[in-house]
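Results of the structural survey
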Amino acid sequence: MFTRDAPSTDMISGLPEGVLHRIMSFLSLREAVQTCVLSRRWRNLWLSMPLINADYKQFFEMTDTKAGYDEALAVAVPMFKRFVNRLLELRDPVASIDKFCLWYSISDDNEDDTESQDAAANRWISQALQKKARVVQVYGDLVFADLYPLVIDHSVFTSSYLTKILFSNVLLEDGFFKQLESGCPALEDLSLDDCVISGDEISSQTLKVLTIKDTKFSMEHKTSISTPSVTSLTLWRPAHGIVVLKDMASVVTASVKPSEFIDEFDARGLRQYLWALSGVKNLEFYYLGENTPRLEKLTLKLHPFRYQQPRIIGELTERSFTCGHLKIVEVICSENDPLINHLVDFFVSSGMTTAQIHIKH
């Protein structure tokens, strides 16, 4: 029975090291290091924690609260860099890193030039990969991403342990994907969100999950995506350049949201996408599909501000619609959308019943 005079017992410190590291994974990097003052048991745990969660925003609280964002950033980022450099320097050299997460910012107000700022982030990524990191996540500062993008140095990506990459608001220069293919043979999951890709090809024999959202491609040439082992594909709103899908025979589930601008995506591009995805079983698409013989469920999301869908419907209906396994068509749209009747008539004329067509608002 608990009494006020009973001695306190530190039961948490008696937990296995792996459990304590798990607890530390929910803390910010600064908080995780500060656990060293809790007790002798915690003194050196941060030196071997397998998750590095480095976020420059954790240092904003150490700046002048009256300063504006730019001024606070100019103070916080240098402190953040010194902190991460020192942490990686003091880490247990034998301990591996399982997951490395980095939130980073570059601006002309920082004490170093932008080239050295890029170099710091890439050096940390390299150190994490040398410590056998399986997961690398890098998030660039959304505020300055267009002016001062974080340029990823693809030469550091040499690892037989890396299985997953997530990039957000970074610049991937020509040669990056070739380096991944040759230098990271275990990579299976790649996610790109609001990035910039300057190369003309994304290719991989090992990827199984590929997610690309709101990413800018080169306007100087078409960019091909060739990933024969990918089973799950997400391609949302590719901007600027034209993206061509190739070698998609293994894709089972796909979610595709083409650009809504008429000069970037037309009926010909639509047919190319759906021809490349002819083997999928579950397809989520913003537009109408054709020639998908294995498709079982088709989800159509009709954008309320589309400019070209009626014309696309007209062009597609001139060709045969081959989809013998299609069981359900789900249409998500606004109420009283004038395109609904055309879609229903089209699928009914293709052999489906109205009971198989589900309309959701």
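As a starting point, this report considers the structure included with it.

Cut-offs applied
- Residues numbered from 1 in each chain as written.
- Predicted model: local features only at pLDDT ≥ 70, side-chain atom pairs only at ≥ 80, totals over all residues.
- Heavy atoms only, no water.
- Pairing = 2+ DSSP bridges.
- Helix = DSSP H or I, 4+ residues; strand = E, 2+ residues; numbered from the N terminus.
- Axes fitted to C-alpha atoms, helices over the stretch in contact; angles between N-to-C directions.
- Buried < 20%, exposed > 50% of the residue type's maximum accessible area, 1.4 Å probe, protein only.
- Arc of directions from axis to C-beta.
- Contact = heavy atoms within 4.5 Å.
- Phe/Tyr/Trp six-rings, centres within 6.5 Å; stacked < 30°, edge-to-face > 60°.
- Patch = residues over 30% accessible without salt bridge, like charges linked within 9 Å, V, L, I, M, F, W, Y side chains within 5 Å.
- Areas by Shrake-Rupley, 256 points an atom, 1.4 Å probe, with all protein chains shown as cover.
- Salt bridge = Lys/Arg side-chain N within 4 Å of Asp/Glu carboxyl O.
- Lys, Arg positive; Asp, Glu negative; His and termini not counted.
- Charge placed at Lys NZ, Arg CZ, Asp CG, Glu CD.

Let's shift gears to the sheet that holds strand β9 (residues 201-203). Strand order across the open sheet formed by three strands is β9-β12-β15, with parallel pairing between neighbours. Each of the sheet's edge strands pairs with one partner strand only, and the pair in question is β9 and β15 (243-246). Each neighbouring strand pair of the sheet contributes to a mean axis angle of 15°, computed without reference to strand direction. Pairing of β9 with strand β12 (residues 223-226) involves three bridges; the strand directions are parallel. Paired with Glu-201 across the bridge in β12 is Ser-224.

Turning our attention to helix α1 (residues 17-24). Where α1 is concerned, the buried positions are Leu-20, His-21 and Met-24. Down the axis of α1, the smallest arc covering the buried residues is 100°, so these residues share one side. Facing away from the buried surface of α1 by more than 90 degrees, the exposed residues are Gly-18 and Arg-22. Elements that come into contact with the buried residues of α1 comprise α2 (29-34).

For the structure on display, the rule yields 11 aromatic pairs. Taking 5.8 Å as the distance between ring centres and 65° as the angle between the ring planes, the aromatic pair formed by Phe-59 and Phe-80 counts as edge-to-face. Residue Phe-59 is found in the loop between β1 (51-55) and α3 (69-90), and its partner Phe-80 is found in helix α3; the two are separated by 21 residues along the sequence. Taken as a pair, Phe-59 and Phe-80 share a single burial class, namely buried. With a centroid separation of 5.7 Å and an interplanar angle of 90°, the aromatic rings of Tyr-104 and Trp-124 are classed as edge-to-face.

Another point: the environment of Ser-198. Relative to the helices and strands, Ser-198 resides in the loop between β8 (196-197) and β9. Apart from residues lying up to four places away in sequence, Ser-198 is in contact with Leu-172, Glu-173, Asp-174, Ser-218 and His-221.

What follows concerns a nonpolar patch on the surface. On the surface, Ile-12, Leu-15, Val-19 and Ile-23 cluster together into a nonpolar patch covering about 290 Å² of accessible area. Since its relative accessible area comes to 31%, Leu-15 is described here as partly exposed.

This part takes up a negative patch on the surface. Together, Asp-153, Glu-173, Asp-174, Glu-181, Asp-200 and Glu-201 give the surface a local cluster of negative charge. Here Asp-174 shows up in the loop between β6 (170-172) and α5 (176-183). Residue Asp-174 is classed as exposed on the basis of its relative accessible area of 53%.

Another aspect to go through is the pairing of β12. Residues Thr-223 and Ile-225 of β12 are buried on one face, and the alternating residues Ser-224 and Ser-226, pointing to the opposite face, are buried as well. Pairing between β12 and β15: four bridges, direction parallel. Note that in β15 the partner of Thr-223 across the bridge is Val-243.

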